[in-house]
Each structure stands twice: as C-alpha cells, then as structure tokens.
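Structure assessment
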Amino acid sequence: MKRTILIPTDFSVESLNLVKHTLANARDDNLYFFLTHCRFLSDCPIDLLYFSKTELLQSLKTPEFKRTCKALRQSYSAHKVLIKTELFTGLNQAAFNAFIDGNQIDEAVIPKRYNPRLNRQTSFNPIPFIRKSRLKITEVSLGAKQNTQDNQDLTLLPNGFLRA
C-alpha cells in the first residue's frame with residue numbers, strides 16, 4: 001500500500017523524528033514523505049523574478065539535516081521510502097488544499113506540541129492549515145524520552161551516523 005505523508009519541518013534534525021516514528025510503525029507500506037516548510041513570498045517583483053525554490057530549500061537545510069536525511073534514505077530501499085522536501089507558499093486554506101491535492105497527500109504526521117525554530121520572519125507554522133484539511137492526522141508526542149529504543153529521538157553523531 002502506498003502512503004503519502006506530509007510532515008512539517010523547520011529543517012532541524014528533531015523534525016525528522018516524525019519520519020523515524022512513522023517508519024517504525026509502518027507495516028509493508030511504501031512511504032512517500034513530503035517534508036514541508038511554509039514560507040511567505042516577497043511581494044517585490046524583482047525578488048519574485050529571481051526566486052528559485054530549489055535554491056531557497058538548499059539554503060534552509062542545515063548540514064546536519066542533510067546528513068540525517070541521507071542516513072534515513074540509506075536505511076531503506078528507494079522504492080520503499082521516498083523523502084522529498086517541499087515548499088508551501090500559499091496564503092489560505094484553499095491554496096493549502098490545492099497543495100495537498102496536487103501532491104496526492106493522504107495523511108499528515110504532526111507533533112503534539114509543535115515548537116518550530118522559525119527564526120525567519122517569512123516562515124510560518126503550517127499546523128492550523130493541516131488541522132483544517134481533509135488529511136488523516138496522526139499526532140506524535142516526541143518530547144518525553146522512554147526506556148524503549150524505538151521511542152528514542154534521532155541523534156546525529158559526529159561521525160555522521162545516526163543513533164536511534
């Protein structure tokens with residue numbers, strides 16, 4: 001079964017814990033993750049003329065985020081798990097619903113308490129849009145550490161390996 005899952009991201013390693021949690025609870029499903037960052041675009045015509053979504057996404061990704069994504073991708077076969085970063089630049093619920101339909105997203109996995117590191121004035125929290133959408137929503141509590149290894153958060157070690 002193919003599942004397409006939206007996960008909000010601030011491009012921190014912590015936001016990838018939602019991917020890890022979903023992978024740990026997946027059966028034999030093929031999982032396609034849309035790590036989505038929400039951002040307002042400039043209303044200046046010059047800025048829009050030279051706007052590149054690819055360059056913006058690359059500038060937002062930290063080296064730790066890139067290494068962790070790579071490690072997650074290498075842990076699973078390419079036809080079983082696909083992780084894609086996407087930018088949402090809409091202003092209203094209708095635009096968000098069109099984004100969901102256009103990407104054929106079925107469900108969303110969100111943290112119970114979302115505290116993104118949106119230190120940029122142009123980024124915004126997507127949770128209100130996700131809650132009002134038609135998506136099946138799974139809320140995950142990531143803050144509390146438990147004794148079982150499956151529920152621990154991802155940690156990127158200095159050598160580039162993941163400790164799960």
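Residues numbered from 1 in each chain as written. Predicted model: local features only at pLDDT ≥ 70, side-chain atom pairs only at ≥ 80, totals over all residues. Heavy atoms only, no water.

A word on the overall build of the protein. The number of helices and strands found in the protein is six helices and seven strands. When the elements of the protein are put in sequence order from the N terminus, they spell out β-α-β-α-α-α-β-α-β-α-β-β-β. Classification of the 164 residues of the protein by burial places 42% in the buried group. Across the protein, the fraction of contacts at a sequence separation of at least 24, relative to all contacts at a separation of at least 6, is 77%. (Helix = DSSP H or I, 4+ residues; strand = E, 2+ residues; numbered from the N terminus. Buried < 20%, exposed > 50% of the residue type's maximum accessible area, 1.4 Å probe, protein only. Contact = heavy atoms within 4.5 Å.)

By the definition in use, this model includes seven salt bridges. Arg 3 is the partner of Asp 29 in a salt bridge, and the nearest nitrogen-oxygen pair spans 3.1 Å. Of the two residues, Asp 29 sits in the loop between α1 (17-25) and β2 (30-38) while Arg 3 sits in strand β1 (residues 2-8), which places them 26 residues apart along the sequence. The exposure class assigned to Asp 29 is buried, which follows from its relative accessible area of 5%. Glu 139 serves as the salt-bridge partner of Arg 131, at 3.4 Å between the closest nitrogen and oxygen. Accessibility expressed as a relative area gives 37% for Glu 139, which makes it partly exposed. (Salt bridge = Lys/Arg side-chain N within 4 Å of Asp/Glu carboxyl O.)

Before going further, it helps to spend a moment on a nonpolar patch on the surface. Together, Leu 41, Leu 48 and Phe 51 give the surface a local cluster of nonpolar side chains, amounting to about 240 Å² of exposed area. You can see Phe 51 is positioned in the loop between α2 (45-49) and α3 (53-60). (Patch = residues over 30% accessible without salt bridge, like charges linked within 9 Å, V, L, I, M, F, W, Y side chains within 5 Å. Areas by Shrake-Rupley, 256 points an atom, 1.4 Å probe, with all protein chains shown as cover.)

This next bit is on the confidence of the model for the protein. Of all residues in the protein, 82% attain a pLDDT of 70 or more, and the chain-wide mean is 83. When pLDDT is averaged over each helix and strand of the protein, the minimum, 49, is found for strand β7 (residues 162-163) and the maximum, 96, for helix α5 (residues 93-102). This model gives residues 144-152 a pLDDT under 50, and the stretch forms nine contacts once residues within four places in sequence are excluded. Across residues 156-164 the pLDDT falls below 50, and counting only partners more than four positions away or on other chains, this stretch makes 21 contacts in the model. (pLDDT = per-residue confidence, 0-100.)

Our focus in this paragraph is the sheet that holds strand β5 (residues 136-140). An order of β3-β2-β1-β4-β5 is seen for the five strands of this open sheet, with the pairing classed as parallel. The two strands at the open ends of the sheet, each matched to only one other strand, are β3 (81-88) and β5. Geometrically, the sheet is characterised by an average inter-axis angle of 25° between neighbouring strands, direction not taken into account. Across the sheet, α3 lies against β2 and β3, angled at about 105° from β3, the strand it touches most. In the packing of helix α4 (residues 63-75) onto the sheet, contacts are made with β2 and β3, and the angle to β3 comes to roughly 145°. (Pairing = 2+ DSSP bridges. Axes fitted to C-alpha atoms, helices over the stretch in contact; angles between N-to-C directions.)

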